[in-house]
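The residues making up each chain are set out below.
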Amino acid sequence: MLPLLLLCAAALPLAARGTIPAPEEAARMARFVLHTCDWGALATLSTQEGLRGRPFANIFSLSDGPPGPHGGSGVPYLYLTDLEISVQDLEINSNASLTVSLAQTPYCRKHKYDPQNPLCAHIIFCGTIVKVNDSEVGLAKKALFSRHPEMESWPKDHNWFFAKFNITNIWVLDYFGGLKIVTPEEYFSVKP
């Protein structure tokens, strides 16, 4: 019991200093984690021979806006090609889940939090992947290329396009005691 109390006590001062949101601010935590992360695990239902109908997860670079405290829109943008196996799944069924975790940041390593430790916060989004419309291309491009400049030089003959994750459900695991449910309305009403 003592190690658990020490872990909890260690997390609270960090939240109080503004490094990460406090555990009771689940919507803000979701925004913070997404804006802090550069990639996530996207799960689709496979359409590939031998895997049809089974869950299939793949890593994708993402961004909700340029780095910094005021750049995040909360919308996960992606740069995709139809040549990618998960995109082929999405063309049949656009439903997906996306997991992002502070395990990819220095935060969890600094505090020696295992990626499965709830204090190493992770967020699970469910929704659909859609191509962005012409009015949103500039925003998606700025969001992604500011964090992933290499993308600009990827082969043009791959027909890359900008997409976004339309969020319908959000689960936050950032503290002991189980998942917290955040509505999209709550999520988009706060800043990271």
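Residues numbered from 1 in each chain as written. Predicted model: local features only at pLDDT ≥ 70, side-chain atom pairs only at ≥ 80, totals over all residues. Heavy atoms only, no water.

Draft legend 1. Representation of the confidence of the model for the protein within the structure. When pLDDT is averaged across the protein, the result is 90; 90% of the residues are at 70 or more. Within the model, the stretch residues 1-18 combines pLDDT values under 50 with 21 contacts to residues more than four positions away or in other chains. (pLDDT = per-residue confidence, 0-100. Contact = heavy atoms within 4.5 Å.)

Draft legend 2. Layout of the packing of aromatic side chains. Evaluated as defined, the whole model comprises ten aromatic pairs. Residues Tyr 187 and Phe 188 carry aromatic rings whose centres are separated by 4.9 Å and whose planes lie at 80° to one another, so their mutual orientation is edge-to-face. You can call Tyr 187 buried: its relative accessible area is 0%. Judged by relative accessible area, which is 39%, Phe 188 ranks as partly exposed. Among the aromatic residues, ring-to-ring pairing joins Tyr 79, Phe 145, Trp 154, Trp 160 and Phe 162 into one connected group. Residue placement shows Arg 31 over the ring face of Tyr 187; its charged tip is 5.4 Å from the ring centre. Across from the ring centre of Phe 161, 4.6 Å away, lies the NZ or CZ of Lys 131, which sits over that ring. (Phe/Tyr/Trp six-rings, centres within 6.5 Å; stacked < 30°, edge-to-face > 60°. Buried < 20%, exposed > 50% of the residue type's maximum accessible area, 1.4 Å probe, protein only. Lys NZ or Arg CZ within 6 Å of the ring centre and 35° of its normal.)

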